[in-house]
Amino acid sequence: VSLSPLHIGLLLLLLLGQEPLRRASWFVFSWMLTILVMLIVFLSLGHRFLGNGSEATTHGMVTDLLAAGALLALGLRGLLNRTTNGSEAPGWTKQLDRFGALPLPLLIAISSGLEVVSPDDLFLVAKSASNLLAAGLGQTQELLGMGVLTLAASLSLLLPLGALALNRHWILPRLGKAK
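Residues numbered from 1 in each chain as written. Predicted model: local features only at pLDDT ≥ 70, side-chain atom pairs only at ≥ 80, totals over all residues. Heavy atoms only, no water.

**Focus on the overall build of the protein**
Regarding its fold elements, the protein presents 9 helices and 0 strands. Each helix (α) and strand (β) of the protein, taken in turn from the N terminus, gives the series α-α-α-α-α-α-α-α-α. Taken across its 179 residues, the protein has 35% of its residues classed as buried. The long-range share in the protein, meaning contacts at least 24 apart out of those at least 6 apart in sequence, stands at 76%. (Helix = DSSP H or I, 4+ residues; strand = E, 2+ residues; numbered from the N terminus. Buried < 20%, exposed > 50% of the residue type's maximum accessible area, 1.4 Å probe, protein only. Contact = heavy atoms within 4.5 Å.)

Right, here's the structure in full:
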């Protein structure tokens, strides 16, 4: 599931803003496309390392690269979770309203960039790609797996968007109160 609270918060703000269905739909689509591109990059790198026939040594190298990515993600997570005061929310939460008001193309670009460097998202995609590689699937099965992983990673963004599409008059007042 989408682990990034920043993206979930931005989506909820988009749902409360102008043209909520259009802007939120593009936002979620860009999230899913970014996840898919990240999976393709990780899988391509993994296939490149594993495809030369010396699986024993290259498998260890791929595992080491994924572990290094996870360590980098943990370090970035520590930086992103810093607070200004022990009882206050992280500083990025104060910027959500401002981000939600940005023009949609700029918002999508920033969102995709944050998704690529987000420790939670990076680890999720790296681990998913690693599992797909370890399964030794054929190309069709691997493509299907990437689609399923992309949908699964996007569920917490798709659910509020789907709720708005199904019953806008019921969901918008509740989102406004929760804000």
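**So, the pattern of salt bridges**
On inspection of all chains with the given rule, the structure shows 1 salt bridge. For Arg-22, the salt bridge goes to Glu-19, with nearest N and O atoms at 2.9 Å. On the basis of relative accessibility, which here comes to 40%, the residue Arg-22 falls in the partly exposed class. Take Glu-19: its relative accessible area is 46%, and that puts it in the partly exposed class. (Salt bridge = Lys/Arg side-chain N within 4 Å of Asp/Glu carboxyl O.)

**Some remarks on a nonpolar patch on the surface**
Together, Trp-26, Phe-29, Leu-33, Val-37, Val-41 and Leu-45 line one region of the surface with nonpolar side chains, adding up to about 570 Å² of accessible area. Here Trp-26 is to be found in helix 2 (residues 20-50). (Patch = residues over 30% accessible without salt bridge, like charges linked within 9 Å, V, L, I, M, F, W, Y side chains within 5 Å. Areas by Shrake-Rupley, 256 points an atom, 1.4 Å probe, with all protein chains shown as cover.)

**Examining the nonpolar core**
By size, the foremost hydrophobic cluster in this structure holds 31 residues, and its most contacted members are Leu-11, Leu-15 and Leu-107. Looking at this core, the elements that each hand over two or more residues are helix 1 (5-16), helix 2, helix 5 (104-117), helix 6 (119-135), helix 7 (139-153), helix 8 (155-166) and helix 9 (168-178). At 9 residues, the largest contribution of residues to this core is made by helix 2. Residues within four places of Leu-11 in sequence aside, it is in contact with Ala-24, Phe-27, Val-28, Leu-157 and Pro-160. (Core = buried A, V, L, I, M, F, W, Y, C linked by side-chain atoms within 4.5 Å.)

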